[in-house]
Amino acid sequence: MRVLIVDDAMFMRRMLSDILEKGGHTVCGEASTGKEAVERYKELKPELVTMDIIMPDMSGIEAVKEIKKHDTDAKILMVSAMGQQALVLEAVQAGAIDYVVKPFQPSRVLESIERITKK
Amino acid sequence: MENYTELFLSEVETYIKQLDDHVIELERDPKMKPAIFEVFRVFHTIKGMAQTMGYEDLARLSHRIEDLLIPAKDKGEIDMSIVEFLFHAIDYLRSTLQALSSNSEIPDSLTIFEAIERLEKGEKVDLLTMNLQITKTSEIRIRMEKLDKLLNLSNELLVARLRLERLCMEIKDQRLIDFRDTATKLIESMQDEVMRLRMLPLSNVFEFFPRWFRDEAKKQGKAVTLEISGGDIEVDRSIIEALKEPLMHLVRNSLDHGFSKEDTEAGERNTVRITAAQEKDWINISVIDNGKGIDWEKIRDLAVERDLISSADSRTLDRESAYNILLRPDFSTREEVSEISGRGIGLDIVNNAISRLGGRLYIFSELDKGSQFSIELPVSIAIIRAMIFRLDRQRFAIPLSFVQETFNLKEDTVKTVHHRELYKLRDEILPMTRLGNIIDYHSNSKKKTVIVVQYLQKKRGFIIDEIIDETDIVTKKVDLLLARNYYSGCAIYSDGLPMMIIDPRGFE
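Residues numbered from 1 in each chain as written. Chains lettered and ligands numbered in written order. Predicted model: local features only at pLDDT ≥ 70, side-chain atom pairs only at ≥ 80, totals over all residues. Heavy atoms only, no water.

(A) Seen up close, the UniProt feature "modified residue: 4-aspartylphosphate" (unreviewed entry) in chain A. Residue and element names in this part refer to chain A. Mapped onto this numbering, the UniProt entry gives "modified residue: 4-aspartylphosphate" (unreviewed entry) at Asp-52. Considering the arrangement of structural elements, one finds Asp-52 in the loop between β3 (48-51) and α3 (60-70). A residue is classified by how much of its surface remains accessible, and Asp-52, at 1% relative accessible area, is buried. Not counting the four nearest positions on each side in its chain, Asp-52 is found in contact with Val-6, Asp-7, Asp-8, Gly-60, Met-78, Val-79 and Lys-102. (UniProt positions renumbered as here; feature names shortened; annotations may be inferred. Helix = DSSP H or I, 4+ residues; strand = E, 2+ residues; numbered from the N terminus. Buried < 20%, exposed > 50% of the residue type's maximum accessible area, 1.4 Å probe, protein only. Contact = heavy atoms within 4.5 Å.)

Dropping the structure here:
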């Protein structure tokens, strides 16, 4: 799968990217803010987006809404830190397909992507 | 996971700098919503990263701070006691990071958790007496050494290139010339790359100051603002590292002596500014305050009192020379100087540190208006473009950044007025200096050439024998035995022989 990774921390992007690539996926791009995520999505048309929630300039939830407005079939996996259940719920309502919680197990991320692929 | 440790540490380090900036903003304006959100977001991000790395304690702490900030985030205003706490939390974060990177023991976090709990209950927290464990260590990264090795090697390569150049002139073989051209291109681009690797923006040293200054000013109870500009100018890493101490000294001097507590209570705008500007191969970093200024006549009188200068000399002593007395070790280490003249402690140390970098320190001041301490430094300490000239049979180099123009001299056009030699250059009167007389290289050469140099808004004509070349030279520090103010270092010419590098500012 061609994946766009969205997270404000370079550290998290690197880690996710390693996990995804080991799992046989291609990272087609990265974004560090919500706004950038929307732009990159339109430009790269990835098959999947991993989305952080709390980011500068536009939150992950806003970004999900924007991306969904642009492409109703967009597949977005929320990747959030602990203690944000309410926000994750909001994201799912906005159109996110699944979520994983940091600190994540690599297998958990890959399983989740596999589930998404089958859907 | 080890692969990620380095990335984790360097990223959190940049977050700490951001936190410092935002919390300083909040101290000025607790209603600054974006800053509150940013502090919240950064702690949130650190939490996620720390969890992933398995740094449980750090994750928990960031999580607690995040919680502590939620009311402020919702309200759009932060309580000052929380701002004060955040400064300590950032310091704690910094020391934790240092401990993680040096594999030493992580400072105890119990008191900091206790402080959060009390703040949440709305209790007063005296952070200073809670004695948060904060260690401060200087950091040295191994990569710098590797970089230095690379620079040394590429400098050797430059010397080799210059020899090749020489060989071409002697042999004049087309194949050799072609090879020289290729090698020159490659060596030059490599040199550029290595130099660029070593360059860092001045913000690397400047960013330390806002927070430090805020703490110092607060300690002294003075309302003085620090302003910084020019942080984007890039200089060699070694300069960045060596600049912090002298700058701290100058900024502290301005704060200590430029302003009294009573003055700052009067509500006037009191500022210390750190500015940087670049001109060709030189950068000028100044610490400017609008405080009391330095009484140069008092310095002069003190110097006479202490037999540092004779009273006869003192009569002709001008303002600029009086300030230079401040740089003397026998003057500046005396405690009372600071109280009487408003300046002085340890300026000789600052001056020495700057000299070691190949730079100079200048002082300007006006009573009741303020003072300016300017450091002039070469952008890159290793390679400079220079003009090579001859005095008798000895060669010398002068950095091209000083050179304005050159011309051949007819002796009878130099006029002597009051023992000073002058030359009319177009519509300007140019003071002339016979370089050989000063540095003891007398020549009988009939042919004379003038190099017009400019520095510090001063123009001089240096009379020398002959200009030989214009080329890149690799500068090396001068041995103490040869150390003179007017030598900034030495270099090896393309034939392998050494030559001294002249620094015209040293003749003042």
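(B) Spotlight on the sheet that holds strand β5 (residues 282-289) of chain B. Residues and elements named next belong to chain B. Here we have 5 strands laid out as an open sheet, ordered β2-β4-β5-β7-β6, and mixed in their pairing. The open sheet terminates on both sides in strands that have one partner only, identified here as β2 (225-228) and β6 (360-366). Averaged over all pairs of adjacent strands, the angle between their axes in this sheet comes to 15 degrees, without regard to strand direction. As defined by bridge partners, β5 adjoins strand β7 (residues 370-378) across 8 bridges and the pair is classed as antiparallel. Bridging from a neighbouring strand, Val-287 pairs with Phe-373 of β7. Its contacts with the sheet place helix α10 (residues 209-220) against β2 and β4 (271-279), and it is angled at close to 165 degrees to β2. Across the sheet, helix α18 (residues 347-356) touches β6 and β7, and the angle it forms with β6 is around 140 degrees. (Pairing = 2+ DSSP bridges. Axes fitted to C-alpha atoms, helices over the stretch in contact; angles between N-to-C directions.)

(C) A look at the interface of chain A and chain B. Taken together, the contact pairs 16 residues of chain A with 19 residues of chain B. Summing both partners gives a buried area of about 1,600 Å² for chain A against chain B, and 69% of it is carried by carbon and sulfur. Ranking the residues of chain A by area buried against chain B places A:Phe11, A:Met15 and A:Ile54 at the top, with a combined share of 38%. Between chain A and chain B we count 1 salt bridge in total. Between B:Arg41 and A:Asp8 there is a salt bridge, and its shortest N-O distance comes to 2.5 Å. Here chain A and chain B share 5 residue pairs in polar contact (both at pLDDT 80 or more) between them. Among the residues making up the side of chain A that touches chain B, the classes are represented as 11 nonpolar, 1 polar and 4 charged. (Buried area = accessible area lost by both parts, 1.4 Å probe. Salt bridge = Lys/Arg side-chain N within 4 Å of Asp/Glu carboxyl O. Polar contact = N/O pair within 3.5 Å; in protein donor to acceptor, adjacent residues only side chain to side chain. Nonpolar A, V, L, I, M, F, W, Y, C, P; charged D, E, K, R; others polar.)

(D) How the structure looks around the pairing of β7(B). Residues and elements named next belong to chain B. By the criterion of burial, β7 is predominantly enclosed, with 8 of the 9 residues buried. Bridge analysis of β6 against β7 gives 7 bridges, and the strand direction is antiparallel. Looking at β7, one finds that Leu-361 is bridged to Ile-375. Counted between consecutive antiparallel strands, the loop separating β6 from β7 contains 3 residues, among which Asp-368 sits at a positive phi close to 65 degrees.

(E) Region of interest: unusual backbone geometry. Cis rather than trans, the peptide bond between A:Lys102 and A:Pro103 has omega equal to -5 degrees. The residue A:Pro103 is located in the loop between β5 (98-101) and α5 (106-118) in this model. Positioned with a positive phi, B:Asp368 is a non-glycine residue whose angle comes to about 65 degrees. Here B:Asp368 lies in the loop between β6 and β7. At B:Arg426, a residue that is not glycine, the phi angle is positive and equals roughly 50 degrees. As for its position among the elements, B:Arg426 is in the loop between β12 (420-425) and β13 (428-434).

(F) Geometry of the packing of aromatic side chains. In the structure shown here, the tally under the stated rule is 10 aromatic pairs over all chains. Taking 5.2 Å as the distance between ring centres and 80 degrees as the angle between the ring planes, the aromatic pair formed by B:Phe208 and B:Phe209 counts as edge-to-face. Overall, the relative accessible area of 27% leaves B:Phe208 in the partly exposed class. One aromatic cluster is present, formed by A:Phe11, B:Tyr4, B:Phe8 and B:Tyr55 through successive ring pairs. Positioned over the ring face of B:Phe208 is B:Lys244, at 4.1 Å from the centre of the ring. (Phe/Tyr/Trp six-rings, centres within 6.5 Å; stacked < 30°, edge-to-face > 60°. Lys NZ or Arg CZ within 6 Å of the ring centre and 35° of its normal.)

(G) Broad picture of the pairing of strand β2 (residues 26-31) of chain A. All names here are of chain A. Note that strand β1 (residues 2-6) and β2 share 5 bridges and pair parallel. Residue Val-3 lies in a different strand from β2, and its bridge partner there is Val-27. For the handedness criterion, the β-α-β arrangement of β1, helix α1 (residues 10-22) and β2 is classed as right-handed. (Right-handed = clockwise from strand over helix to strand, strands pointing away.)

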